[in-house]
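Secondary and tertiary structure notes
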Amino acid sequence: MEKGVDGNPIDQVYSYISKIGDYIVKVIPAAGALPTETYTLDFKIGGQTIILAQDVPLSQIPNSGYGVTTSATGTVNSFIPVTIDVKPKNYPNNINLKSKGTVPVAIFGSATFDVAQINPITIKLANALIKLKGNGQPKVKYKDINKDGFVDMVVKVATNKLQITSVDTKAILDGTLFNGRKI
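This structure is a prediction, so every number in the text was calculated from the model and none was measured. (Residues numbered from 1 in each chain as written. Predicted model: local features only at pLDDT ≥ 70, side-chain atom pairs only at ≥ 80, totals over all residues. Heavy atoms only, no water.)

1. Quick word on the pairing of strand β2 (residues 38-45)
- By the alternation rule, side chains of β2 split into Tyr-39, Leu-41, Phe-43 and Ile-45, which are all buried, and Thr-38, Thr-40, Asp-42 and Lys-44, of which none is buried.
- Across 7 bridges, the pairing between β2 and strand β3 (residues 48-57) is antiparallel. Bridge pairing in β3 links Asp-42 to Ile-51.
- Here β2 folds back onto β3 in antiparallel fashion, the turn holding 2 residues, of which Gly-46 has a positive phi close to 60°. (Buried < 20%, exposed > 50% of the residue type's maximum accessible area, 1.4 Å probe, protein only. Helix = DSSP H or I, 4+ residues; strand = E, 2+ residues; numbered from the N terminus. Pairing = 2+ DSSP bridges.)

Have a look at this one:
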């Protein structure tokens, strides 16, 4: 094991073959670790390094982990993974693709993620932008949808703008925080 400047082992995960696409990296503290202890998390690929976390207390580990995307051209970027529910409170989450209406989408907040940081105008689900009011402002509601004590964001997208098929079971939600970070 390689050791850090503090003499403690550096935990590393290696993959000899880098894959193109998204990685979700989750931090799991060692048994008995105190919430005030800190961690640093780097993602290295080729000659590039992205610092995902620097001296973060264990009590602030993001619920959804850290996101990194790698492209065929070798670019590496980070993003914040978010948890969503298409048609919240409905199961199954079937979408009538012939509908001329909208589909609600909840983006869940947590102890480590405040949905108010998201710039709603940047949100896209399956490449469909969210609906806007007549004044050009995004249609957004903030409320605790899943009753976990954290505020969630609910937006609506035009069904006929979704770039999905009747056999798709997943859809990608993209967006940006007000500070420019990707979700």
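2. A closer look at the sheet that holds strand β8 (residues 118-125)
- Strand order in the open sheet formed by 3 strands is β9-β8-β12, with antiparallel pairing between adjacent strands. Because the sheet does not close on itself, it has two edges, and the strands there are β9 (128-129) and β12 (173-177).
- Relative to β9, β8 runs antiparallel, the two sharing 2 bridges. What sits directly across from Lys-124, in β9, is Leu-129.

3. Regarding the sheet that holds strand β11 (residues 152-158)
- Spatially, 4 strands are ordered β6-β7-β11-β10 in an open sheet, and the strand pairing comes out antiparallel. With one partner strand each, in any of the chains shown, β6 (84-86) and β10 (140-143) form the two edges of the open sheet. On average, each strand axis in the sheet is inclined to that of its neighbour by 25°, with strand direction left out of account.
- The pairing of strand β7 (residues 102-107) with β11 spans 6 bridges and is antiparallel. Bridge assignment links Thr-102 to a residue of β11, and that residue is Ala-158. (Axes fitted to C-alpha atoms, helices over the stretch in contact; angles between N-to-C directions.)

4. Side note on a positive patch on the surface
- A surface patch of like charges, here positive, comprises Lys-89, Lys-131, Lys-133, Lys-139, Lys-141, Lys-143, Lys-147, Lys-156 and Lys-161.
- Inspection of the secondary structure puts Lys-147 in the loop between β10 and β11. (Patch = residues over 30% accessible without salt bridge, like charges linked within 9 Å, V, L, I, M, F, W, Y side chains within 5 Å. Areas by Shrake-Rupley, 256 points an atom, 1.4 Å probe, with all protein chains shown as cover. Salt bridge = Lys/Arg side-chain N within 4 Å of Asp/Glu carboxyl O. Lys, Arg positive; Asp, Glu negative; His and termini not counted. Charge placed at Lys NZ, Arg CZ, Asp CG, Glu CD.)

Shape is all these values report; function is a separate question.
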